[in-house]
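Residue strings, one per chain:
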Amino acid sequence: MNEEQIEKPATVDDDDIIIEIINMHKWFGDFHVLKDINLIVRKQERIVICGPSGSGKSTLIRCINRLEEHQRGRIIVDNIELIDNIKNIEKIRTEVGMVFQHFNLFPHLTIVENLALGPIWVRKVPKKEAEETAMYFLEKVHIAEQAQKYPGQLSGGQQQRVAIARSLCMHPKVMLFDEPTSALDPEMIKEVLDVMIDLAREGMTMIVVSHEMGFAKSVAHKVLFMDYGQIVEENAPEEFFENPQHERTKLFLSQILH
Amino acid sequence: MSKAYSEKTEETIKPPLTSVGVIGWIKANLLNSWFNSLLTVATLYLLLKIIPAFIRWAFVDSLWMSTGAECHQAGGACWSIIPANLRFILFGFFPYDLQWRPLVAMILLVGLLFYSQNRNHWKKSLAYLWIFGLFIMGLLMKGGLFGLTSVESAQWGGLPLTLILSVFGLTAAYPLGVVLALGRQSKMPAIKTICVIYIELIRGVPLISLLFMSSVVFPLFLPEGITVNKIVRAQAAIILFTAAYIAEVVRGGLQGMSRGQYEAAESLGLNYYQTMRLVILPQALKIVIPPTVSILISAFKDTSLVVIIALYDLLKTTQSVLSDPEWMGFSSEAYLFIALIYFVCCFAMSNYSRRLERELDTGH
Ligand SMILES: Nc1ncnc2c1ncn2[C@@H]1O[C@H](COP(=O)(O)OP(=O)(O)OP(=O)(O)O)[C@@H](O)[C@H]1O
Ligand SMILES: [Mg+2]
């Protein structure tokens, strides 16, 4: 694991807020999944969210690009409030990239077509330019030689790197990652994490649901611990891992760190 | 190291002669149990009984170019019924001197269909080509322009009518079916309800009754003086009927799509139509190619039901020939010929669908 520290900007002012979540609640039917979530994310900030299964981590980041709808409170992304206005939602989705646990590449399109799809249809970029951008990002994730293949012909790690590149092609302001490495075989985890570390180095704002503690330590400004739909603890990674405050955090950390 | 290994595998002992080749295959597939052996023997016996008799009837004792009277004397197949009546079977009551026109129109249609098979030709220009082709076909069939004698559509018949009903029926029913399937999945309750009611109503009645309704009941509701062409009415019934079935098949394909595909498309900022058109439908429609083609094939054959509203499609023209005293009694030959035409069309469709499946396979 890459343990070197990546430079983290020390001071940030309030103009830099890119995501603001205020007193947000969400229910699935009667089930209260997210309870009174408050979170502020600044530009270039990198946040890692961890917590036990079913604690609502995925639901929280899926609310940020409206794959799930919240019922109370406010979510403001890039100065746009997430309300029912469909135009707002589409606008926000173009600014927020999302990487899924199971990649969700489009199996009927080649890799380069997967990458160019969003820019061509959403950003109305000419096809040729979109494909050039696609190749640029494929090179960045070290996979340019696979451009003409179909997703089904790639390994899991390669597919996940393609998925990251696909999001980057939209030039998002924020990237959301939902357990990007947990569906991967151990030997492929590193190649994906390395790509994410590169991204961090370039100053991408990132929210990552992950249990990769090494990654959290070297990249995150802040680690959030969620349990039963609440943000239980929120701290800088050093503090978070060395000196957890809550019993539940301690228990969780002892479980994942053995 | 690896070389030594491969040499060694090449030297492996050959399997015993009785387990490979023809003998092996027969042993493994035809004689592997007493029941299978019995079936094999019984089948062989039946084939021996049937095939020589058929060959004798169809080829040895048959007449190919004779009058009906000569046929009645002979014992074999009377294939003469086909050349002697070919033009009526194929073109029905289309004016005899003008029958080159439907012939050219059909050739044009088949040519266009063949040209459209190739996916490299699926561009905008193909659409213009079709519009132009359809215009020419309509002109040839109907006439009335550029010095072509006008022919009433009531005189259309035979193969052109069958092809028109099926090609337009199927090409219109497919997109309509897709739209209905999407409507049935819609989050908007009104649209969803309409689609569900439509699909279930149509699937609940036989095509024959729809054809009857379109030809008998529907005109009663039209204001006086307005008539809708009989062919158009039959065509509409076929389209509405087939679309309902296609809708259900397509819905099955849509349900097979994982939520992740929708989410990935949406999180790129694609809107509903783009998501459907670019991501969901290409995959869902591909999954359901085999059942869709089954529906299209059966719809193609079902166009022959238009005989009951007195349209002279291929089947009806053949039946008329058979009611001519000269050719009465040779229905086997005539129907075999018609069956052959239907078979060629259906086989081409299913063959093409398999090719399309292969071409669209991206290994997932
Ligand atoms: N669409 C849904 N409808 C109903 N309940 C849901 C839905 N999606 C998630 N849940 C429930 O909400 C809770 C939180 O789910 P979520 O996927 O956010 O958990 P998670 O923290 O991401 O867990 P994991 O680590 O297993 O991914 C779970 O109890 C889950 O069963
Ligand atoms: Mg999750």
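Definitions and cut-offs
- Residues numbered from 1 in each chain as written.
- Chains lettered and ligands numbered in written order.
- Predicted model: local features only at pLDDT ≥ 70, side-chain atom pairs only at ≥ 80, totals over all residues.
- Heavy atoms only, no water.
- Helix = DSSP H or I, 4+ residues; strand = E, 2+ residues; numbered from the N terminus.
- Rg over C-alpha atoms; globule rule 2.2 N^0.38 Å.
- Buried < 20%, exposed > 50% of the residue type's maximum accessible area, 1.4 Å probe, protein only.
- Lys, Arg positive; Asp, Glu negative; His and termini not counted.
- Charge placed at Lys NZ, Arg CZ, Asp CG, Glu CD.
- Contact = heavy atoms within 4.5 Å.
- Buried area = accessible area lost by both parts, 1.4 Å probe.
- Salt bridge = Lys/Arg side-chain N within 4 Å of Asp/Glu carboxyl O.
- Polar contact = N/O pair within 3.5 Å; in protein donor to acceptor, adjacent residues only side chain to side chain.
- Nonpolar A, V, L, I, M, F, W, Y, C, P; charged D, E, K, R; others polar.
- 1 Å grid on protein atoms, 1.4 Å probe; cavity = no way out; pocket = protein on both sides within 12 Å on 5 of 7 lines; lining within 4 Å.
- Points joined across faces, edges and corners; volume = space filled by probe spheres on them.
- Pairing = 2+ DSSP bridges.
- Near = heavy atom within 4 Å.
- Areas by Shrake-Rupley, 256 points an atom, 1.4 Å probe, with all protein chains shown as cover.
- Axes fitted to C-alpha atoms, helices over the stretch in contact; angles between N-to-C directions.
- Right-handed = clockwise from strand over helix to strand, strands pointing away.
- Phe/Tyr/Trp six-rings, centres within 6.5 Å; stacked < 30°, edge-to-face > 60°.

Observations regarding the overall build of chain A
Counting its regular elements, chain A contains nine helices and ten strands. Against the compact-globule benchmark of 18 Å for 258 residues, chain A has a radius of gyration of 18 Å, which places it among compact chains. Along the first, second and third principal axes, the C-alpha set of chain A runs to 55 × 45 × 40 Å. For chain A, the residues scored as buried account for 57% of the 258 residues in total. For chain A, the distance from the average site of its 29 positive side-chain charges to the average site of its 40 negative ones is 4 Å.

Let's talk about the interface of chain A and chain B
Counting residues at the interface gives 24 residues for chain A and 21 residues for chain B. Of the roughly 2000 Å² buried between chain A and chain B on both sides combined, carbon and sulfur atoms contribute 62%. Looking at the side of chain A facing chain B, the largest losses of area belong to A:Pro107, A:His108 and A:Trp121, adding up to 28% of the total buried there. If you look at where chain A meets chain B, you find two salt bridges. As a salt-bridge pair, B:Glu263 and A:Arg62 come within 2.6 Å of each other at their nearest N and O atoms. Where chain A packs against chain B, one counts seven residue pairs in polar contact (both at pLDDT 80 or more). Sorting the residues of the side of chain A that touches chain B by element identifies helix H2 (86–95), strand E6 (96–99) and helix H3 (111–121) of chain A as the ones contributing at least two each. A class-by-class count of the residues in the side of chain A that touches chain B yields twelve nonpolar, six polar and six charged.

Some words on empty space enclosed by the protein
Empty space among the atoms becomes visible once a probe the size of a water molecule is rolled across them. Taken as a whole, this structure holds two cavities of 30 Å³ or more when the rule is applied. Within this model, the largest cavity holds a volume of roughly 50 Å³. Taken together, A:Lys140, A:Val141, A:Leu168, A:Val195, A:Asp198, A:Leu199 and A:Glu202 form the lining of the largest cavity. When residues of the lining of the largest cavity are assigned to their parent elements, the largest contribution, three residues, is made by helix H6 (residues 186–201) of chain A. When its residues are assigned to classes, the lining of the largest cavity shows four nonpolar, no polar and three charged. Estimated volume of the second largest cavity: approximately 40 Å³. Lining of the second largest cavity is provided by A:Gly97, A:Met98, A:Phe100, A:Arg166, A:Ser167, B:Ala264, B:Ser267 and B:Leu268. Elements with a minimum of two residues in the lining of the second largest cavity: E6 and helix H5 (156–168) of chain A together with helix H12 (259–267) of chain B.

So, the pairing of E6(A)
Residue and element names in this part refer to chain A. Neither face of E6 is open: one carries Val96 and Met98, the other Gly97 and Val99, and all of them are buried. Pairing between E6 and strand E7 (residues 174–178): four bridges, direction parallel. Looking across to E7, one finds that Met98 is bridged to Leu176.

Quick word on the site of ligand 1
Residues and elements named next belong to chain A. Residues in close proximity to ligand 1 include Phe28, Phe31, Val33, Pro52, Ser53, Gly54, Ser55, Gly56, Lys57, Ser58, Thr59 and Glu179, which together make up its full environment. Ser53 places a side-chain nitrogen or oxygen 2.6 Å from an oxygen atom of ligand 1. Ser55 has a polar backbone atom sitting 3.2 Å from an oxygen atom of ligand 1. In isolation ligand 1 has 630 Å² of accessible area, and contact with the protein removes 61% of it.

Concerning the sheet that holds strand E1 (residues 17–28) of chain A
Within a sheet, adjacent strands bond to each other through the backbone by hydrogen bonds, running parallel or antiparallel. All names here are of chain A. Across the sheet, which stays open at both edges, the four strands sit in the order E2-E1-E4-E5 with antiparallel pairing between neighbours. Strands with a single pairing partner mark the edges of an open sheet, and in this sheet they are strand E2 (31–42) and strand E5 (80–81). Of the strand pairs in this sheet, E1 and E2 are connected by eight bridges, and their pairing is antiparallel. Within E2, the position partnered with Glu20 by the bridge is Ile40. Strands E1, E2 and strand E4 (72–77) of the sheet are contacted by helix H1 (residues 57–64), whose axis makes an angle of about 125 degrees with E1.

Brief notes about the pairing of E7(A)
Residue and element names in this part refer to chain A. With respect to burial, E7 is a largely interior element, five of its five residues being buried. Burial of the side chains of E7 extends over both faces: Val174, Leu176 and Asp178 are buried on one face and Met175 and Phe177 on the other. Pairing of E7 with strand E8 (residues 205–209) involves five bridges; the strand directions are parallel. Each bridged residue has a counterpart across the sheet, and for Leu176 the counterpart in E8 is Ile207. At this point the chain moves from E7, through H6, to the parallel E8, and the crossover so formed is right-handed.

A closer look at the packing of aromatic side chains
Residue and element names in this part refer to chain B. Overall, the coordinates contain twelve aromatic pairs over all chains when judged by the stated rule. Measuring from centroid to centroid gives 5.9 Å for Phe54 and Trp57, while their planes differ by 45 degrees, and the two rings are tilted. With a gap of three residues between them, Phe54 and Trp57 both fall in helix H3 (residues 34–60), about one helical turn apart. Both rings, one in Tyr272 and one in Tyr273, keep their centres 5.3 Å apart while their planes meet at 85 degrees; by these two values the pair is edge-to-face.

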